[in-house]
2 protein chains.
Amino acid sequence: MTGSGPQFMSVLSGSDSCVNASHGCAIGWPKQSSSATSDIRNCTTSPPFLPPTVTDTSAQLNALRQRMQFYNISAYIVPATDAHMSEYIAERDARLAWISGFTGSAGTGVVTTKKAALWTDSRYWTQAERQMDCNWELQKIVWTDSIGEWLLQEIPAGENIGLDPFLFSIDLWNSYARVLQGSSRTLVPIEDNLVDLVWGSQRPPLPTSEIYLLPETFTGSTWQEKVSGIRSQMEQHSRSPTAVLLSALEETAWLFNLRGDDISYNPVFYSYALLTTSDISLFVDRNRLSAEALQSLSAQCPGPLCVQVEEYDQVRASVQAYAQGDVQVWIGTEYTTYGLYGVIPQDKLVESSYSPVMTTKAVKNAKEQALLKAAHVRDAVAMIQYLLWLEKNVPKGSVDEFSGARYVDKLRREKEHCRGASFETISASGLNAALAHYSPSNVSSRKLSVDEMYLSDSGGQYLDGTTDITRTVHWGEPSPFQKEAYTRVLMGNIDLARLVFPSETSGRVVEAFARRALWEVGLNYGHGTGHGIGNFLSVHEWPVGFQSNNVPLVKGMFTSIEPGYYQEGEFGIRIEDVALVVEAQTKHGAGEKAHLTFEVVSLVPYDRNLIDISFLSEDQIQYLNTYYETIRQRVGPELQRRQLEEEYEWLRRNTQPFSRGTLVATSLGTLAITSLVSTLLPDRQA
Amino acid sequence: MTGSGPQFMSVLSGSDSCVNASHGCAIGWPKQSSSATSDIRNCTTSPPFLPPTVTDTSAQLNALRQRMQFYNISAYIVPATDAHMSEYIAERDARLAWISGFTGSAGTGVVTTKKAALWTDSRYWTQAERQMDCNWELQKIVWTDSIGEWLLQEIPAGENIGLDPFLFSIDLWNSYARVLQGSSRTLVPIEDNLVDLVWGSQRPPLPTSEIYLLPETFTGSTWQEKVSGIRSQMEQHSRSPTAVLLSALEETAWLFNLRGDDISYNPVFYSYALLTTSDISLFVDRNRLSAEALQSLSAQCPGPLCVQVEEYDQVRASVQAYAQGDVQVWIGTEYTTYGLYGVIPQDKLVESSYSPVMTTKAVKNAKEQALLKAAHVRDAVAMIQYLLWLEKNVPKGSVDEFSGARYVDKLRREKEHCRGASFETISASGLNAALAHYSPSNVSSRKLSVDEMYLSDSGGQYLDGTTDITRTVHWGEPSPFQKEAYTRVLMGNIDLARLVFPSETSGRVVEAFARRALWEVGLNYGHGTGHGIGNFLSVHEWPVGFQSNNVPLVKGMFTSIEPGYYQEGEFGIRIEDVALVVEAQTKHGAGEKAHLTFEVVSLVPYDRNLIDISFLSEDQIQYLNTYYETIRQRVGPELQRRQLEEEYEWLRRNTQPFSRGTLVATSLGTLAITSLVSTLLPDRQA
């Protein structure tokens, strides 16, 4: 799925720093389609013309405005994230959706006494217009600066703007403060969330499901080893922090090898942690911890490797109490909220963009790498089954977007260690695929046809790893332009995947290699080029990726590579693979100068029907053939082991080597199965 | 010359944001040669072993430390810039050189009661070791953070660190403040510059030379038109600034079409300007203005287009007085010093990275483009004369680095409108070229030889434009590795120059195309890939370029493209051209989606002896042949007009089309001169 950062990043300010291409801010394409779509709503007629999918938000807004009056604020900002800066949120945190009707995963709402406006990026413009009533205006810009300027225009000097300090990162809070600086409008932190107050008893309750221990087979190391590693980073830090405060849900899940299901598609649970040089506090609903989890956390109590479980909502008080001492608290500013930040005195803060847990988690150790690769082999089997099934059933007219999505979800769920999808499956036919993040429903679902392109973007949560793959296919006769666009997207995917680059290169510096082939003919795409991915954690795992707020690429990181092309009203193309950053073998670089490259671990062939081989260079063809040989070697035996003979034949057919202009002598006809058992070992161990 | 930003940028903080590759911070190559060189000084022996080129700084340091004691500070930070954040400085501003002996153009010195340390980037490490005595230690890192951490280590808590607030930009001041935050060390602004106090009467005086009006032939528009343009940007700004404060010397020179010679190679003069909606103040030594300049500035007095000339050192008081009113002052934070910033109340500041004058100057209008191109035709003639002269004289053994540099300088000076070199000519043979910015002197100059590679990086100041070009040549038999490295540098130059990209793409996002061919085999270079350039102004004109603090690329900008490769102790390669950003003709992109590309305006062929054609793709060869045809068309007639027949033949020989593996049928034998008179017109008009 196209990369998107934590919510708050979608509205970072900056001129040069277009940080989040996936959110439409767009590298080199800033005005892509701002004028291309026109609002399908018509709010000038009486009654207004509105699609049936909108939510009437009048009652919610009235109630909120009453509260605003009580707190003496003229505007209230409602972000789409939760108190952990999560990209995906639980329903009880879907405040923006409740107040606006808009259910997209990125956006910011602002309610004033008279107006209500929503800022979101190009992925979501159409969706927002289909979901919001005429109370809401859509703002097609994503900068904090633009929200700030709108506020300056709407709110008279001397008045107040309210925010929930627990829903804004420090950086985002500061960028609002900067825009309003000197304008005589005051940002007022209000600890009672006003939307929650008006949502009242209708708001979904806190989850009660079990928080469980991830079996050792599926973890890279014990939680004690991880804690020791973080503590040694604290010791080595020049400021000698005495504690690390963890706010992101992935951080606690990864550090303690625990999982939960508080948020759909994301096996995490509401929690915070404070890890000091001598103690460990985990803030979580104790009653939800499984016996095994509790046992693991307390096995070494008392002592420095004893986890004290404290109540989730005690975190602020505990951090405040801890910060009274002679301490230094290390925080990651991208994931810590202004609300928590505020209780730590400035001179006791050690700040970095990401906590050491976040940056350590980003680099997978050998076992984590093997686990993630093994999950991708099973995932490839599911995808190959799906592509074959589509090939057989689409011509019969029996598949629509929704039934297709359900079928691929089912194929994954049948696989060993699978715990469901890693995000809501994107299954989009024809013009629907031009909306980069379209998901079908059972009430609106387009029939798949041999006359249209079809885009499938889906992934699984396996105990050993999270997957994410996009394939675009056409079963009939694509137009020359469709073939050219597809081939150029593929060229971008190949050019980035085979790039050799120095260690610690920033992803932002190399992502244009995925765009060059499109740029060459005046095309582009308006989203990011990739994102990190977890071991049974988030499908979008920060801070790895190709955007300016991602950390430099080093050996052991996994990232998706996913260029695309979207022709509005006609079709959409995306080709997405997950790749591991590995050391490259180069002619002149070795040792200290060792360079890196990518090893693609998604193992599903591309659609031959959409590739115009004449566009590819010899190097690109050679890369493709080598990749296909790897797919045969790694997925072929797995298909045979499962006796999926038809799928095996499909794989053989679809991984025939390419050669420009000539038919290929199928010298690779027989797969060398016997010598390849080793590639299946991680799977078998699991 | 390899791109470098204003001084202060060399030490910007940040983890992901390696902002200044040219300063060794290096995109993806952060540890390039930190361990590769060993200090040629030996300070452990008694007496220490020191090269004869060092300066004894004991007396200066003693005097400075006495002053530090008086001001109660434990450390004093000495930057290499002046009060205008200039990259090149006048001798009276060379405080760092005077106190340390180090004359490089980028660096920061810190003097404590016991130690003295200099931070500079990899370009200057060897030079620093050759110039500094044992009082000084060299720090091979360029981050503010590293200076801050060193200070935390050296300076006990509770003590003070002094700085001259007029020598630090706001951003740099803030990044020091951030590092020291909460550490109980205080940053103390001291308005008396302590180095100046101890330098005393030995410090070079203020310049007295004339400040003159640039004739209208050489300006893009009148200063009144420029002022009106800036004022309309003020009106359109959401904060409605009432004034723009200009601190960079290029800003006043460009805005008022004035030039001076206060700084070698840079036709600028000490000045500030405050441009309000109704008034214009130019802070400059009035006595130095030519009669014509004074007449131009006051022609429309009184009125909104009347320039009031105020004394240079009145700027702070005047800005402070202006800021008492109901005003909003727009400043560019990258070029405004903390000293000036401090007199404007926070709520009256409108901040952007660069002032509107800086960003407007960056985009050349049609006339400025034609002027700059015309200067490059004359510059190409000088370079071709030089390359031919080298070809004839190097085999005789009669040329050394210094005499070569003098000769190319002379060839330029003879050209129409030339006012000298645009920077100190880099002329480096063999291993000297591995120091990216080596300049020879008459006491140490290596003889040029047919057995070594030679790198020439030079440029001219012409009244119509500033030029900058690097060519690397070999007159004998280069090694296969030398040929491969040269060819890969050329491939990088070509790949970036022919890249098609969307408008407003950040240079940082595309600069890796200049590195890919080197990366592929494990090679790289440790400096930036290019920089903007002026019309008879700075050779490094910010904010255009390929670094993260550069502004996005738009039509009408000029930038250098200059990949390189440096094999320490052996040879150095750099290939540099200046290119104009132009609209690209693409297959599918037009109108709103129009893409951009580069038009190379440097017109000198590359060394055929160093090109291994087998590495080049067909596309690269085709690009090269088209470029060579352009050189023939634009420079050929100019050579003939000047009756430089031998040079014309050399050009013909050296621009023969390439073709892989076959000898070329010289179908392009005769230049189509008659149809090309138009390309010479700008030159003739001048």
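Preceding this paragraph is the structure being described.
Residues numbered from 1 in each chain as written. Chains lettered and ligands numbered in written order. Predicted model: local features only at pLDDT ≥ 70, side-chain atom pairs only at ≥ 80, totals over all residues. Heavy atoms only, no water.

Participant: Explain the overall build of chain A here, please?
Facilitator: When helices and strands are tallied, chain A shows 20 helices and 28 strands. Overall size of chain A, expressed as C-alpha extent along the three principal axes, is 75 × 70 × 45 Å. Relative to its 686 residues, chain A shows a buried fraction of 64%. Taking the contacts inside chain A whose residues are at least 6 apart along the sequence as the reference set, 73% of them involve residues at least 24 apart. Carbon and sulfur atoms provide 49% of the accessible area of chain A, an area that totals close to 23,800 Å². If you average the places of the 57 positive and of the 78 negative side-chain charges in chain A, the two averages end up 3 Å apart. (Helix = DSSP H or I, 4+ residues; strand = E, 2+ residues; numbered from the N terminus. Buried < 20%, exposed > 50% of the residue type's maximum accessible area, 1.4 Å probe, protein only. Contact = heavy atoms within 4.5 Å. Areas by Shrake-Rupley, 256 points an atom, 1.4 Å probe, with all protein chains shown as cover. Lys, Arg positive; Asp, Glu negative; His and termini not counted. Charge placed at Lys NZ, Arg CZ, Asp CG, Glu CD.)

Participant: How should the state of the cysteines be read in this particular structure?
Facilitator: Cysteine pairs can be linked by a disulfide, which is a covalent bond between their two sulfur atoms. Residues and elements named next belong to chain A. All chains considered together, the criterion is met by four disulfides over all chains. Here Cys301 connects covalently by a disulfide to Cys306, the sulfurs 2.0 Å from one another. Sign of the S-S torsion, about 85° for the bond between Cys301 and Cys306, identifies this disulfide as right-handed. A relative accessible area of 7% means that Cys306 is categorised as buried. (Disulfide = S-S within 2.5 Å.)

Participant: It is not clear to me how the relation of the copies chain A and chain B should be interpreted in this structure. Could you clarify?
Facilitator: To go from the first copy of the chain to the second, apply a rotation about an axis and then a shift along the same axis. Rotating chain A by 180° and translating it 0.0 Å along the rotation axis places it on chain B, where the RMSD comes to 0.1 Å. Such a turn and shift between the copies fits a two-fold axis. Identified as the residue of chain A closest to the rotation axis by C-alpha distance is A:Val509, at 2.5 Å. Mapped onto chain B, 96% of the interface residues of chain A are again interface residues, and the two copies thus contact each other with one and the same surface. (Least-squares fit on C-alpha atoms with pLDDT ≥ 70 in both.)

Participant: Whenever I open this one, the nonpolar core confuses me. Can you help?
Facilitator: Among soluble globular proteins, nonpolar side chains are generally buried collectively. In this structure, A:Leu390, A:Val510 and B:Leu390 are the most contacted members of the largest nonpolar core, which totals 170 residues. Excluding its chain neighbours within four sequence positions, the residues that come into contact with A:Val510 are A:Leu496, A:Leu499, A:Phe501, A:Thr505, A:Phe546, A:Leu553 and B:Trp519. (Core = buried A, V, L, I, M, F, W, Y, C linked by side-chain atoms within 4.5 Å.)

Participant: What am I meant to see in the packing of helix H4 (residues 144-154) of chain B against helix H5 (residues 170-180) of chain B here?
Facilitator: To characterise two packed helices, one gives the angle between the axes of the helices and the distance between these axes. All names here are of chain B. Interaxial distance between H4 and H5 falls to 9 Å at its minimum, and their mutual angle equals 45°. Our classification of the angle between H4 and H5 gives oblique. For the pair H4 and H5, the crossing hand works out as right-handed. Along the contact surface, H4 presents Thr144, Asp145, Ile147, Gly148, Glu149 and Leu152, while H5 presents Leu172, Ser175, Tyr176, Val179 and Leu180. Grouping the amino acids of the contact of H4 with H5 by side-chain chemistry returns six nonpolar, three polar and two charged. (Axes fitted to C-alpha atoms, helices over the stretch in contact; angles between N-to-C directions. Parallel < 35°, antiparallel > 145°, perpendicular 65-115°, else oblique. Left-handed = near helix turned anticlockwise from the far one by under 90°. Nonpolar A, V, L, I, M, F, W, Y, C, P; charged D, E, K, R; others polar.)

Participant: Hey, could you run me through the sheet that holds strand S21 (residues 501-502) of chain B in this one?
Facilitator: Within a sheet, adjacent strands bond to each other through the backbone by hydrogen bonds, running parallel or antiparallel. All names here are of chain B. If you walk across this open sheet you meet the four strands as S21-S26-S25-S22, and the pairing is antiparallel. Since the sheet does not close on itself, it has two edges, and those belong to S21 and strand S22 (558-561), each with one partner. Both strand S25 (residues 577-583) and strand S26 (residues 595-600) contribute to a ladder of five bridges, which runs antiparallel. Looking across to S26, one finds that Ala579 is bridged to Val600. The strands touched by helix H15 (residues 480-497) are S22, S25 and S26; relative to S26, the strand with the most contacts, the crossing angle is about 135°. (Pairing = 2+ DSSP bridges.)

Participant: What's the story with the sheet that holds strand S4 (residues 136-139) of chain B in this structure? I'm lost.
Facilitator: Residue and element names in this part refer to chain B. Strand order in this open sheet of six strands is S4-S3-S2-S1-S5-S6, and the pairing throughout is mixed. Of all strands in the sheet, those bounded by a partner on one side alone are S4 and strand S6 (186-189). Across this sheet, the average inter-strand angle for adjacent strands is 25°, counted without regard to direction. Taken together, the four bridges between strand S2 (residues 108-112) and strand S3 (residues 116-119) define a ladder with antiparallel strand orientation. Looking across to S3, one finds that Val111 is bridged to Ala116. Strands strand S1 (75-79), S2, strand S5 (160-163) and S6 of the sheet are contacted by H5, whose axis makes an angle of about 150° with S6.

Participant: Please clarify how the interface of chain A and chain B should be interpreted in this entry.
Facilitator: Interface size is commonly expressed as the accessible area that is lost once the parts come together. Taken residue by residue, the interface counts 52 residues in chain A and 50 residues in chain B. The contact between chain A and chain B buries some 4,300 Å² in all, and 56% of this surface belongs to carbon and sulfur atoms. Our count for the chain A to chain B interface comes out at two salt bridges. We note a salt bridge from B:Glu484 to A:Lys587, for which the minimum N-O separation is 2.6 Å. (Buried area = accessible area lost by both parts, 1.4 Å probe. Salt bridge = Lys/Arg side-chain N within 4 Å of Asp/Glu carboxyl O.)

Participant: I keep staring at unusual backbone geometry and nothing clicks. Help me out?
Facilitator: What you tend to see is this: most non-glycine residues have negative phi, and most peptide bonds are trans. The linkage connecting A:Ser46 with the following residue, A:Pro47, adopts the cis geometry, with an omega of -5°. That bond from B:Trp542 to B:Pro543 is cis: its omega, 5°, falls within 30 degrees of zero. Turning to its location among the elements, B:Pro543 is positioned in the loop between helix H17 (516-519) and S22. The phi angle at A:His417 is positive, at roughly 65°, despite the residue not being glycine. Examined against the element boundaries, A:His417 turns out to sit in the loop between helix H14 (401-413) and strand S15 (418-421). The class of A:His417 is buried, set by a relative accessible area of 13%. Positive phi, close to 50°, is recorded for A:Phe536, a residue that is not glycine. Structurally, the position occupied by A:Phe536 is in the loop between strand S22 (531-532) and strand S23 (541-545).

Participant: How do you make sense of the pairing of S6(B) when you look at a structure like this?
Facilitator: The two faces of a sheet get side chains in turn, since along a regular strand they alternate between them. Residue and element names in this part refer to chain B. Examined bridge by bridge, S5 and S6 share four bridges and lie parallel to one another. The partner of Leu163 across the bridge, within S6, is Pro189. Regarding topology, H5 serves as the crossover connection from S5 to the parallel S6, and that connection is right-handed. (Right-handed = clockwise from strand over helix to strand, strands pointing away.)

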